[in-house]
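# Per-entry structural report
Each chain is listed here by its residues.
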Amino acid sequence: MARYHRMQGRPTLWLPGTDHAGIATQLVVEKMLASEGIKRGDMSREDFTARVWEWKEKYGSTITNQIKRLGASCDWSREHFTLDEQLSRAVTEAFVRLHEKGLIYQGSYMVNWSPNLQTAVSDLEVEYSEEPGFLYYIKYRVAGGSRSDFLTIATTRPETLFGDVAIAVNPTDARYSKYIGMNAIVPLTLGRHVPIIAHKYVDKDFGTGVLKISPGHDHNDYLLARKLGLPILNVMNKDGTLNEVAGLYRGLDRFEARKKVWADLKETKLAVKKEPHTSRVPRSQRGGEIIEPLVSKQWFITMEPLAEKALDAVKKGELTIIPERFEKIYDHWLSNIKDWCISRQLWWGHRIPVWYIMGRDCEEDFIVAKNSDEALEKARYQYGKDVEIYQDPDVLDTWFSSALWPFSTLGWPDESAADFSQYYPATVLETGHDILFFWVARMVMMGIEFTGRVPFKYVYLHGLIRDAQDLNLSTERLAANKAFTNKLWNAGKFILQNLPGQDDSSSWDGIYSYKFDIQDTLLTLPLPESWVISKLHLLIDDVTTSYDKFFFGDCGRGIYDFFWGDFADWYIEASKSRLYSGGKSVAFVSQAALLYVFENILKILHPFMPFVTEELWQALPHRTDALIITSWPKTGLPRDVSSIKKFENLQALTRSIRNARAEYSVEPAKRISASVVASPDVVHYISREKEVLSLLSRLELQNVSFTDSPPGDANQSVHIVASEGLEAYLPLADMVDISAELQRLSKRLSKLQTEYDGLMARLNSPNFKERAPEKIVREVQEKISETEERINLTRNQLSFLQSRELVK
């Protein structure tokens with residue numbers, strides 16, 4: 001896209017850069033430090049971030065270098081990193097503005113907690129997988145009841161029972177109605193009571209129909225508890241161990257605690273049974289560990305008002321998503337969006353620009369500012385000159401800074417910056433469909449919020465190659481494209497070898513005298529040149545339209561087919577009749593056409609294949625500018641439709657003669673005679689390309705005739721019909737030794753007949769019909785039909801040759 005639009009003369013900027021990948025980068029560096037026997041907790045924040053910067057300087061350019069090697073046409077002088085000073089300033093500005101508008105708030109809510117990474121992760125960074133586990137059935141005795149009064153609860157996580165705040169049953173479930181309003185005793189808690197309540201949320205058919213409500217450790221339980229006014233009880237430390245609420249189990253890892261709890265439940269006769277169960281397990285996209293739902297104090301952005309504007313942008317046509325099917329996915333996510341938890345408990349990233357007052361409640365008293373000096377000034381004004389402040393230790397989610405990319409990289413919040421004025425909003429965002437929500441939707445929301453404009457008009461989502469399931473990328477396709485590149489290179493070598501030297505000015509004057517972009521010139525050209533240039537001009541129009549519509553597959557296929565099928569296989573071969581057989585002046589038209597078509601092929605191929613096309617372009621004579629900055633070919637150039645039809649007739653005749661030669665096994669080097677029969681107007685233009693026809697069909701030039709009626713020896717010739725009104729007669733004696741061919745065909749017929757009889761006998765066998773699978777029977781029937789067809793063809797060939805032998 002960048003190369004195409006630049007060649008179209010449009011101001012084009014592809015701005016490269018990378019984000020700081022907060023979680024992923026910190027995880028990698030922590031693993032590196034662990035290999036040295038160092039834990040992050042043993043270091044100061046400053047020392048740790050210094051080590052991360054060292055790692056970034058060493059490895060951070062890997063992706064950039066890969067992109068450069070792929071030929072990405074970026075402006076590398078504008079390369080950015082999300083922790084650059086300019087982008088960091090934009091991040092702080094965005095946070096402050098959102099907070100001032102009331103869209104950023106702090107609170108304790110249920111989040112996805114990563115114990116290993118020691119940070120919250122967003123819903124989008126959690127991947128669910130179906131994994132085998134167990135369903136544990138546990139007795140909860142009813143307080144004040146007899147020994148037979150108990151409720152059996154099925155749970156996948158018995159270690160969370162210490163956080164139970166209620167037991168719920170469905171109000172219509174007759175099995176448990178008598179217990180509603182009573183209390184249950186939570187096992188292993190020294191008699192702690194929780195209420196037994198009724199709620200329609202409970203599924204009577206899952207497990208035992210009884211639900212333990214642990215709002216500190218389950219998203220659904222958390223929402224239900226808030227709705228019902230139940231307390232939130234957390235039993236988990238942030239490192240994944242149980243806390244003091246778990247009593248004797250305090251300090252145990254959550255999975256070790258599960259084993260210990262179940263063993264103790266069995267010992268106290270409160271364990272009913274354990275059975276295999278497959279459940280959806282939440283895992284961190286980054287670290288792969290099992291996520292722990294946990295109530296934690298975090299910073300959030302209220303997303304609903306931002307999402308509404310992003311939805312409207314697509315509905316109004318201000319933003320187009322390609323492929324179109326992703327619009328529905330985009331719409332569904334934004335229509336059901338949740339508030340975004342933007343704080344991360346990391347050291348690598350943008351520090352949250354919030355300062356707390358020493359000695360005061362940090363949830364009530366805090367300062368939002370652009371820097372520490374401004375924060376201190378605000379704090380002194382509000383709390384007195386002796387106030388002490390400290391900054392929030394958390395950092396912002398990496399996607400927060402990435403969401404600002406379209407305008408933060410162009411100078412925002414300085415909207416008078418030259419780049420911002422010229423390039424914002426952008427035209428196209430091109431990215432993978434897997435980050436439609438992580439990045440694309442967030443950029444749209446932030447772009448509208450901070451600039452009042454959608455940050456780009458089109459979103460082009462490409463496919464992904466992660467494994468064979470994502471995209472059927474075959475090695476055969478790679479090999480085919482490698483062969484195409486070789487073909488292009490060899491075509492370039494051929495053309496260069498057949499052009500005059502750069503100092504041969506008179507020859508170059510002859511070549512440059514052909515102006516192929518003028519209709520009058522096109523109409524005076526020989527048929528092959530008129531055909532190939534007309535086809536080229538049609539291709540340029542088609543490819544340009546496809547580029548504009550983002551139909552890059554159509555572009556590639558069109559160029560591939562024209563270059564290989566038309567130019568290399570047909571025109572280059574046809575041009576040899578003039579290059580090798582005529583004088584200088586005769587060769588000029590072919591040299592001019594070869595150069596003109598090839599340089600335009602290089603231009604329209606350049607966006608796909610920058611390196612090879614640039615190398616070939618600069619090898620062509622008299623190139624002063626690099627291909628990357630040349631102009632795209634003009635559209636609407638002249639074409640002669642009649643010459644296309646005429647040359648297609650010539651091609652059809654050539655193919656027919658080639659097929660006849662192959663059918664009769666004529667040696668490739670052997671030249672044969674031919675009588676071409678057609679109407680006078682067809683004979684007129686076909687005969688003018690006698691040399692081309694002879695070269696392409698391996699005909700004896702002196703023995704090629706053109707007439708409007710069959711030759712006298714027609715009965716001793718192979719008759720072929722190339723197209724309506726265009727036929728040829730090839731003398732049989734030129735093509736084959738009739739006696740030897742009769743023997744060969746007779747042996748072939750005998751062999752085919754034996755094969756046919758065997759297949760028929762197999763098919764008619766009662767045992768075969770009764771026992772063979774339908775697929776095998778069908779395959780035998782198809783083989784019989786195929787063999788029968790080959791027998792008939794061979795018989796016809798024998799009859800034809802036998803009749804010619806008799807005449808002889």
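Residues numbered from 1 in each chain as written. Predicted model: local features only at pLDDT ≥ 70, side-chain atom pairs only at ≥ 80, totals over all residues. Heavy atoms only, no water.

### As for the overall build of the protein chain
- A count of helical and extended segments in the protein chain gives 28 helices and 25 strands.
- A compact globule built from 808 residues would reach a C-alpha radius of gyration of about 28 Å, whereas the protein chain, at 39 Å, exceeds it by more than 25%.
- Expressed as a percentage of contacts within the protein chain between residues at least 6 apart in sequence, the contacts between residues at least 24 apart total 75%.
- Split by element, the accessible area of the protein chain, about 40,200 Å² in all, is 50% carbon and sulfur.
- Charged side chains in the protein chain number 98 positive and 108 negative. The centres of these two groups are separated by 4 Å. (Helix = DSSP H or I, 4+ residues; strand = E, 2+ residues; numbered from the N terminus. Rg over C-alpha atoms; globule rule 2.2 N^0.38 Å. Contact = heavy atoms within 4.5 Å. Areas by Shrake-Rupley, 256 points an atom, 1.4 Å probe, with all protein chains shown as cover. Lys, Arg positive; Asp, Glu negative; His and termini not counted. Charge placed at Lys NZ, Arg CZ, Asp CG, Glu CD.)

### Points about the pattern of salt bridges
- Summed over all chains, the structure comprises 32 salt bridges.
- The partner of arginine 157 in a salt bridge is glutamate 159, with the nearest N and O atoms 3.6 Å apart. Summarising the burial analysis for this pair, arginine 157 and glutamate 159 share the class buried.
- One salt bridge connects glutamate 374 with lysine 378, and the closest N-O pair in it is separated by 3.4 Å. Here glutamate 374 pairs with lysine 378, and both are found in helix α10 (residues 372-383), just 4 residues apart, close to one helical turn.
- Judged by relative accessible area, which is 25%, glutamate 374 ranks as partly exposed.
- Shared partners join several salt bridges into a network, and the residues in it are Arg157, Glu159, Arg254, Arg258, Glu289 and Glu292. (Salt bridge = Lys/Arg side-chain N within 4 Å of Asp/Glu carboxyl O. Buried < 20%, exposed > 50% of the residue type's maximum accessible area, 1.4 Å probe, protein only.)

### A look at the packing of aromatic side chains
- Applying the stated criterion across every chain, the model contains 43 aromatic pairs.
- Measuring from centroid to centroid gives 5.2 Å for tyrosine 109 and phenylalanine 300, while their planes differ by 80°, and the two rings are edge-to-face. Highlighted residues: tyrosine 109 in strand β3 (residues 104-114) and phenylalanine 300 in strand β12 (residues 292-301), separated in sequence by 191 residues.
- Classification of tyrosine 109 as partly exposed rests on a relative accessible area of 24%.
- With a relative accessible area of 6%, phenylalanine 300 lands in the buried category.
- Each ring, one from tyrosine 356 and one from phenylalanine 366, has its centre 6.5 Å from the other, and the planes form 75°; the classification is edge-to-face. Here the residue tyrosine 356 occupies a position in strand β16 (residues 354-357), and phenylalanine 366 occupies one in strand β17 (residues 366-368), the gap between them amounting to 10 residues.
- Three or more aromatic residues link up through ring pairs in this structure, and these residues are Tyr4, Tyr458, Tyr460, Tyr547, Phe550, Phe552, Phe608 and Trp632. (Phe/Tyr/Trp six-rings, centres within 6.5 Å; stacked < 30°, edge-to-face > 60°.)

### Here we look at the domain arrangement of the protein chain
- For the protein chain, the assigned domains read domain 1 (1-80), domain 2 (85-114 + 295-465), domain 3 (124-290), domain 4 (475-604), domain 5 (644-735) and domain 6 (739-806).
- The C-alpha-based centres of domain 3 and domain 6 are spaced at 74 Å. (Domains from an automatic or database assignment.)

### Comments concerning helix α3 (residues 45-59)
- The terminal C-alpha atoms of α3 lie 21 Å apart, and with 15 residues this matches the ideal 21 Å at 1.5 Å per residue to within 8%.
- Listed in full, the buried residues belonging to α3 are Arg45, Phe48, Thr49, Arg51, Val52, Trp55 and Lys56. Each buried residue of α3 sits inside an arc of 155° when the element is viewed along its axis, so together they form one side. For α3, the exposed residues set more than 90 degrees away from the buried face come down to Glu46, Glu54, Glu57 and Lys58.
- Next to the buried residues of α3 lie α2 (22-35), β2 (80-81) and β19 (395-396). (Expected span 1.5 Å × (residues − 1). Arc of directions from axis to C-beta.)

### Examining the sheet that holds strand β22 (residues 672-678)
- With mixed pairing, the 4 strands of this open sheet are ordered in space as β23-β22-β25-β24. The sheet is open, and its two borders are formed by β23 (699-707) and β24 (717-723), each paired with just one other strand. For this sheet the average axis-to-axis angle between neighbouring strands, irrespective of direction, equals 20°.
- Relative to strand β25 (residues 726-731), β22 runs antiparallel, the two being bridged by 4 bridges. Residue alanine 678 lies in a different strand from β25, and its bridge partner there is leucine 726.
- Sitting on the sheet, helix α23 (residues 680-687) is in contact with β22, β23 and β25, with an inclination near 160° to β23.
- Lying over the sheet, helix α24 (residues 690-697) contacts β22 and β23, oriented at roughly 125° with respect to β23. (Pairing = 2+ DSSP bridges. Axes fitted to C-alpha atoms, helices over the stretch in contact; angles between N-to-C directions.)

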